[in-house]
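# Summary of structural features
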Amino acid sequence: MSQIAGAPDLEREEGAGAEAVLAQLDDEQRAAAQAVSGPVCILAGAGTGKTRTITHRIAYGVHTGVFVPEQVLAVTFTARAAGELRARLAGLGVGGVQARTFHAAAMRQLRYFAPRVLGGPMPGLIENKLRVVASAASRSRLSTDRTSLRDLASEIEWAKTTLATPDDYPARAQAAGREPPFEPAVVAQVYAGYESAKQRDGALDFEDLLLVTAFALEEHPDVARQVRAQYRHFVVDEYQDVNPLQQRLLDAWLGGRADVCVVGDPNQTIYSFTGADPDYLLGFADRYPDAEVVKLERDYRSTPQVVALANKLIGQAPPRKGLPGLRLLGQRPEGPAPRFFEHPDEPAEAAAVAQACRALIEAGTPAAEIAVLFRINAQSEVYENALSAAGVPYVLKGGERFFERPEVREAVLLLRGAAAGGSEPGALVPTVRDVLASTGWAEHRPPPGGAARDRWQSLAALVDLAVDLVAETPTLDLAGFVAHLAARADAQHAPTVQGVTLASMHAAKGLEWDAVFVVGLVDGVVPIAQSLSRPEAVEEERRLLYVAVTRAREQLTLSWSLARNPGGRRTRPRSRFLTGLVPESTPSAAPAPRKAKRAKVVLEGEAGELFERLRVWRSETAASASVPAYVVFTDATLQAIAESRPASLRELAALPGIGSRKLELYGEGVLATVGS
Ligand code: ATP
Ligand code: MG
């Protein structure tokens, strides 16, 4: 097979390489890496080195000549993860191995075999289903909007990944507790219409790509022979997330062979709602009775303190059939105990997190080594705001920034239009509600469907923001609110390279940071309200929190707030998952008024005088633009200006909290105040 393996000189060198690869693993990891042929299953918890083990196993197989690199196919679920696999393999001196997502691997094969199995070149790919779903929906005489179309598309994707036909859909959807945007029979009709429209156009969607590739292998012996001769060794990372469609393709690749290594953590299954099924991982040893099953328990990522919390959290889950106990043993030196904070309201919680991020950065933790993790994307707004106000740069992962979301852009346009018609002071909140109601938004009725709920929550966040600002500035009117939104959108548009990561818990999977803040831990958010009626959905929420806490290497902070808005009723119970984890003496952030929580700036001498002059300039500037003072600059930014006394726009631009738009609006004013 391998030409290289026959060359005696190289063989010796390869032997040395193989030893070096094994030396980087612990005993159990090494056992898995050495099991290069035959079925292997690594069932292990977070941070135990699963990804490390599979890359080393491949390297070991290549170095010992058992694997020809080009015959290894490593698959995973995201392009980022596939890139990570390739980078780690390159680091181990292994080239030529295919490390791809299921989609990328299928695409490559189908493109090659299309003339043979489809009778022509590769069909066009539908990257976004919405247009085709819309035409199928209108053919079914459904009245839809962008949001219900997105939810219809999600239902079709779920059906296709679980291999449900339109006829199967209603019963399967009901059994799985789906929340379709229309009656299941109607969704089934749209699904059927979508499939025929696609066929008429001769196009394929992403699910078809996998399905057609599986068919090609299942039904064309010549194709199967060729693909199976090319790929002899298969590896799957994050296997707990495999769905029936991907499994079918994997089976087609294998064609009855057993040279497959799967790696996963059943406690990190967080995609059941899109069709993933951890039973493939848990049932692997039943499907392959001679499988080498390896358990890893040593956690190399997190301190024993973080590991203890993770163990306790997942230990409270009811036992699942076939689920082995996967306790983690922390390997790192001792670290600080995880911290828990209760706050009076969400803005106060966000302000405290932003201050803590700032303190960490000032003490030397790089911003990129800090993450703030939340359950739903709508929660990002209050953190985007608090971090901007504290002058802390941030990057948002796996979601659109609040002011870039289509529903928020549309709402801001409507509010601006309403403000142009004049506005009454003292009626801001009801006016904002009225304007949003004109888009169909109804305050007390979050609609069914994931996309619909996301949209509803973004708009609710705008109302919350109005409530929050009125608490600070009771005279704020609609024009002032619109100016505030514009200023904030500008501040948050500033592109950032190095920043604190703001991410949903889902988007954080597989990643790690030195310091992690897990926020918004109230019942109804974690676990999320719509999961509460189904125990298995609540358990998926617990696993999601487990994923979140196991991202922390050293510092872990968990927090919640009793009310949503300042001045609101403080009745929200903290997440049920924290029971038994929170020490009795949980420090609650003082329920003092929010103003008192802003750090008071004390500057001596000349800097102190300049700071006061800057404050006067800021009040005048804010008043003439009808915006709250901190929209112009926060105290932290004024402090930085007072301390560094910039003499030019360029020096000013180098300070935190000053983007190009602020420079343009206020730069000259600041320089004049500094120079006066
Ligand atoms: P997750 O479940 O979150 O995906 P994982 O099991 O894939 O985690 P890795 O990302 O491979 O874990 O490893 C976690 C961290 O521990 C990484 O920084 C990795 O380099 C380190 N690590 C793993 N095994 C060892 C080892 N034997 N010696 C030293 N460091 C290790
Ligand atoms: Mg991993």
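Residues numbered from 1 in each chain as written. Chains lettered and ligands numbered in written order. Predicted model: local features only at pLDDT ≥ 70, side-chain atom pairs only at ≥ 80, totals over all residues. Heavy atoms only, no water.

### Quick word on the confidence of the model for the protein
- With 91% of its residues at a pLDDT of at least 70, the protein reaches an overall mean of 87.
- Contacts for the low-pLDDT stretch residues 1-14, under 50 throughout, to residues beyond four places or in other chains number 10 contacts. (pLDDT = per-residue confidence, 0-100. Contact = heavy atoms within 4.5 Å.)

### Describing the domain arrangement of the protein
- When its domains are assigned, the protein resolves into domain 1 (18-105 + 210-299), domain 2 (127-194), domain 3 (339-400 + 493-578), domain 4 (403-490) and domain 5 (605-675).
- Placing a centre on the C-alpha atoms of domain 3 and another on those of domain 5 gives a separation of 30 Å. (Domains from an automatic or database assignment.)

### Some words on the sheet that holds strand β2 (residues 72-76)
- In space, the 6 strands of this open sheet follow the order β3-β2-β6-β7-β1-β8, with parallel pairing throughout. The sheet is open, and its two borders are formed by β3 (98-101) and β8 (292-296), each paired with just one other strand. For this sheet, the mean angle separating the axes of adjacent strands, direction not counted, is 15°.
- Judged from the 4 bridges that link them, strand β1 (residues 40-44) and strand β7 (residues 260-264) form a sheet pairing that is parallel. Bridge pairing links Leu43 to Gly264 in β7.
- Across the face of the sheet, helix α2 (residues 27-34) comes into contact with β1 and β8 while running at roughly 155° to β8. (Pairing = 2+ DSSP bridges. Helix = DSSP H or I, 4+ residues; strand = E, 2+ residues; numbered from the N terminus. Axes fitted to C-alpha atoms, helices over the stretch in contact; angles between N-to-C directions.)

### What to know about the pairing of β3
- Inspection of the sheet shows β2 paired to β3 by 4 bridges, in the parallel sense. Looking across to β3, one finds that Ala74 is bridged to Ala99.
- Crossover β2 to β3 through helix α4 (residues 79-91) is right-handed. (Right-handed = clockwise from strand over helix to strand, strands pointing away.)

### A short note on the UniProt feature "binding site: ATP" (unreviewed entry) in the protein
- Here the UniProt feature "binding site: ATP" (unreviewed entry) sits at Ala44, Gly45, Ala46, Gly47, Thr48, Gly49, Lys50 and Thr51.
- Looking at the secondary structure, you find Gly45 in the loop between β1 and α3 (50-63).
- Non-local contacts of Gly45, meaning those with residues more than four positions away in its chain, are made with Lys50, Asp265, Gln268, Leu296, Leu326, Leu328 and Tyr546.
- Along the chain, Lys50 turns up in helix α3.
- Exposure remark for Lys50: the relative accessible area of 11% places this residue in the buried category.
- Not counting chain neighbours up to four residues away, the residues in contact with Lys50 comprise Ile42, Ala44, Gly45, Val263, Gly264, Asp265, Gln268 and Leu296. (UniProt positions renumbered as here; feature names shortened; annotations may be inferred. Buried < 20%, exposed > 50% of the residue type's maximum accessible area, 1.4 Å probe, protein only.)

### Details of the sheet that holds strand β14 (residues 500-504)
- Across the sheet, 6 strands lie side by side as β11-β16-β15-β12-β14-β13; this open sheet has parallel pairing. Here the strands that pair on one side only, and so sit at the sheet edges, are β11 (339-345) and β13 (394-397). If you compare each strand with its neighbour and ignore which way they point, the axes differ by 25° on average.
- With 6 bridges connecting them, β11 and strand β16 (residues 552-563) associate as parallel partners. Of the residues in β16, the one forming a bridge with Asp345 is Ala563.
- Each of β11 and β16 is contacted by helix α15 (residues 304-315), which is oriented at about 50° to β16, the strand it contacts most.

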